[in-house]
Amino acid sequence: MSATPLRLAVINSSVREGRFGPTVARWFVAQTEQREDLEVDLIDLADHMLPHELSHSPGDDVAAQLARVSPRLAAAEAFVVVTPEYNHSFPASLKSLIDWHRTEWQAKPVGFVSYGGLAGGLRSVEHLRPVFAELHAVTVRDCVSFHNVWGQFDGSGALLEPTAAASAAKTLLDQLVWWGVSLREAREKRPYTA
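Residues numbered from 1 in each chain as written. Predicted model: local features only at pLDDT ≥ 70, side-chain atom pairs only at ≥ 80, totals over all residues. Heavy atoms only, no water.

Novice: Before we move on, could you go through helix H4 (residues 122-134) and cite the residues and values that matter?
Specialist: Along its 13 residues, H4 runs 19 Å from first to last C-alpha, staying within 8% of the 18 Å computed at 1.5 Å per residue. Those residues of H4 that fall on the buried side of the exposure criterion are Ser 124, Val 125, Leu 128, Arg 129, Val 131 and Phe 132. Those residues of H4 that are buried lie in contact with strand E3 (78-84), helix H3 (92-99), strand E4 (109-115) and strand E5 (138-139). Downstream of H4 by a residue or two, His 136 has a phi angle that is positive, lying close to 65°. (Helix = DSSP H or I, 4+ residues; strand = E, 2+ residues; numbered from the N terminus. Expected span 1.5 Å × (residues − 1). Buried < 20%, exposed > 50% of the residue type's maximum accessible area, 1.4 Å probe, protein only. Contact = heavy atoms within 4.5 Å.)

Novice: Account for the side chain of Asp 44, with residues named and values stated.
Specialist: With respect to the helices, strands and loops of the structure, Asp 44 is situated in strand E2 (residues 38-44). Given the relative accessible area of 16%, Asp 44 is considered buried. Polar contacts involving the side chain of Asp 44 include one to the side chain of Arg 19, which spans 2.8 Å. What Asp 44 contacts, discounting residues up to four positions off in sequence, is Asn 12, Ser 14 and Arg 19. (Polar contact = N/O pair within 3.5 Å; in protein donor to acceptor, adjacent residues only side chain to side chain.)

Novice: Now, about the packing of helix H1 (residues 21-32) against helix H5 (residues 163-189): what can you tell me, with residues and values included?
Specialist: It is the contact of H1 with H5, at a shortest axis distance of 10 Å, that shows an interaxial angle of 65°. The crossing of H1 and H5 is right-handed. For the pair H1 and H5, the contacting residues are Trp 27, Phe 28, Gln 31 and Thr 32 in the first and Ala 165, Ala 166, Ala 169, Leu 172 and Leu 173 in the second. Considered class by class, the residues forming the contact of H1 with H5 number seven nonpolar, two polar and no charged. (Axes fitted to C-alpha atoms, helices over the stretch in contact; angles between N-to-C directions. Left-handed = near helix turned anticlockwise from the far one by under 90°. Nonpolar A, V, L, I, M, F, W, Y, C, P; charged D, E, K, R; others polar.)

Novice: Residue-level account of the pairing of E4, with values.
Specialist: Walk down a regular strand and you will see the side chains alternate between the two sheet faces. Within E4, seven of the seven residues are buried, leaving the element largely enclosed by the surrounding structure. In E4, alternate side chains face the same way, and those of Pro 109, Gly 111, Val 113 and Tyr 115 on one face and Val 110, Phe 112 and Ser 114 on the other are all buried. Bridge analysis of E3 against E4 gives six bridges, and the strand direction is parallel. When the sheet's bridge partners are listed, Val 81 is paired in E4 with Phe 112. At this point the chain moves from E3, through H3, to the parallel E4, and the crossover so formed is right-handed. In the sheet, E4 pairs with E5 via two bridges, with the strands oriented parallel. In the strand pairing of E5, Val 110 is matched with Thr 139. (Pairing = 2+ DSSP bridges. Right-handed = clockwise from strand over helix to strand, strands pointing away.)

Novice: Which residues make up the environment of Ser 182, and what values do they have?
Specialist: Considering the arrangement of structural elements, one finds Ser 182 in helix H5. For the pair formed by Ser 182 and Ala 166, sequence separation is 16 residues and the distance between their alpha carbons is 24 Å.

Novice: Break down the packing of aromatic side chains for me, citing the residues and quoting the values.
Specialist: Tallied over the full model, the rule gives eight aromatic pairs. Each ring, one from Phe 112 and one from Phe 132, has its centre 6.2 Å from the other, and the planes form 50°; the classification is tilted. Taken together, the residues Phe 112 in strand E4 and Phe 132 in helix H4 connect sequence positions 20 residues apart. Overall, Phe 112 belongs to the buried group, its relative accessible area being 0%. Relative accessible area serves as the criterion here: at 0%, Phe 132 is assigned to the buried category. (Phe/Tyr/Trp six-rings, centres within 6.5 Å; stacked < 30°, edge-to-face > 60°.)

Next up, the structure:
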C-alpha cells in the first residue's frame, strides 16, 4: 500500500436551515482522523452556494465561488458525501456542485454517509450512485447510514452508541482507500480520458 496518504474530500451537502449535517460530518471526520492513510478536507456546501443555472462562461461572482471549491475537488483523490434525504432523494445543493464539475470526479472513488428518518438517507445514496457513474466515478459498496438520526447523537455531537457506526465507517474507509490508491496508481501509469 502507498505510503502517501490519500487526499479525501468529505462533502457536507445539506444547506437547509436547522440542518443536522454538520454534526454527522464532524463525527465522520473524527473517524478519519484515527487513520494515517488519509489526509482530509471538509467541504461544507453552505460555504459554496453555487447557482442552479449552469454556464460555460460564468460571471465574476460564480467564477469566484468556483475558484474556492473547484481546486479542492480537483486535488481530492477520493470523496465521501455526507447527505440527508430530502423527498426520497439528495439535496439540490449537492446536485448543483456535481453538475458544475466533471473531470474533478473522474476515475476517483466516492463513498457515502447518509442520515434521515426511518430510511436513514439510503434512498438519496441510491439516487447518487448512477449520477456518479455517469461522471466516471466509482462508488464503493458499503456506506454509513443513520436511521432516525436525531435520537442517535447527544447535545455535544457524540454518538450515544458508537460501536456499530464506527465499524461501518472503518469498512467504508478501508474500501475507499483501496479504490483510491488503486485508481491513483492507475492514473499515474495511464491518464484517464472519458
